[in-house]
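Examination of the molecular architecture
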Amino acid sequence: MNAYSTDTGSYVKSHLLKALLGGFAGTLAFTMMGKFIAPLMIGHAMDVAAILAPLFNGSHLDGMIAHFALGTIAFPLSYLVLAARRLPGPAALRGVIFLLFVYLFAMTVVMPAIGQGLFLDSMPRAMVALMGHMVFGVILGSVVGKPE
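Thresholds applied
Residues numbered from 1 in each chain as written. Predicted model: local features only at pLDDT ≥ 70, side-chain atom pairs only at ≥ 80, totals over all residues. Heavy atoms only, no water. Salt bridge = Lys/Arg side-chain N within 4 Å of Asp/Glu carboxyl O. Helix = DSSP H or I, 4+ residues; strand = E, 2+ residues; numbered from the N terminus. Buried < 20%, exposed > 50% of the residue type's maximum accessible area, 1.4 Å probe, protein only. Core = buried A, V, L, I, M, F, W, Y, C linked by side-chain atoms within 4.5 Å. Contact = heavy atoms within 4.5 Å. Axes fitted to C-alpha atoms, helices over the stretch in contact; angles between N-to-C directions. Parallel < 35°, antiparallel > 145°, perpendicular 65-115°, else oblique. Left-handed = near helix turned anticlockwise from the far one by under 90°.

Quick look at the pattern of salt bridges
Here the structure, examined in full by the defined rule, presents one salt bridge. Of the charged contacts in the structure, one is a salt bridge between D7 and R85, with a shortest N-O distance of 2.7 Å. Of this pair, D7 sits in helix α1 (residues 3-42) while R85 sits in the loop between α3 (60-83) and α4 (91-113), and the two are 78 residues apart along the sequence. Residue R85 is classed as partly exposed on the basis of its relative accessible area, which comes to 25%.

Right, dumping it as structure tokens:
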């Protein structure tokens, strides 16, 4: 094992709880934005669980579990391992940059794959999703903080 991978492991361990808490808080904010902010922008709520449900044979509950598992566990861990120490700028900006990549992958690969279309087949819906990802990124990056 090289020095960098050992250093990454210790960084992940020392920041894991903050990342998981930031991911959970970011996921809650993202979800609430879809429920309360989206109607002001596009006239109706955006239910992430319903959007993800086709991955789970239409199960809304499974879509919600996936949404929170991705936001609370997968994205924060990925952020710690891949991005937190490599991206430029203040902590909040680092989180935003990372979630911008997540957003672009979701809009160009995942959404078309589950029948939601490229960028959700809707510029207004895509903008609501972008806002949600950016708020999530600010929260995640801010809670994790800037690497020493």
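Notes on the nonpolar core
In this structure, M46, Y79, F98, L99, M107, M111 and V144 are the most contacted members of the largest nonpolar core, which totals 33 residues. Taken together, the elements giving at least two residues each to this core come down to α1, α2 (48-52), α3, α4 and α5 (123-144). In terms of residue count, the dominant contributor to this core is α4 (eight residues). F98 has contacts with F75, S78, Y79, A83 and L87, leaving out every residue within four places of it along the chain.

Quick word on the packing of α3 against α4
Axis separation between α3 and α4 bottoms out at 11 Å; the angle between their running directions is 110°. Between α3 and α4, the interaxial angle falls into the category roughly perpendicular. Judged by the sense of rotation from one axis to the other, the crossing of α3 with α4 is right-handed. Mapping the contact onto sequence places F75, S78, Y79 and A83 in α3 and A91, R94, G95, F98 and V102 in α4.

So, unusual backbone geometry
One non-glycine residue, F119, lies in positive phi territory at about 50°. Residue position: F119 is located in the loop between α4 and α5. Positive phi values are uncommon outside glycine, yet D121 reaches one of about 55°. Tracing the backbone shows D121 in the loop between α4 and α5. The exposure class of D121 is exposed, given its relative accessible area of 62%.

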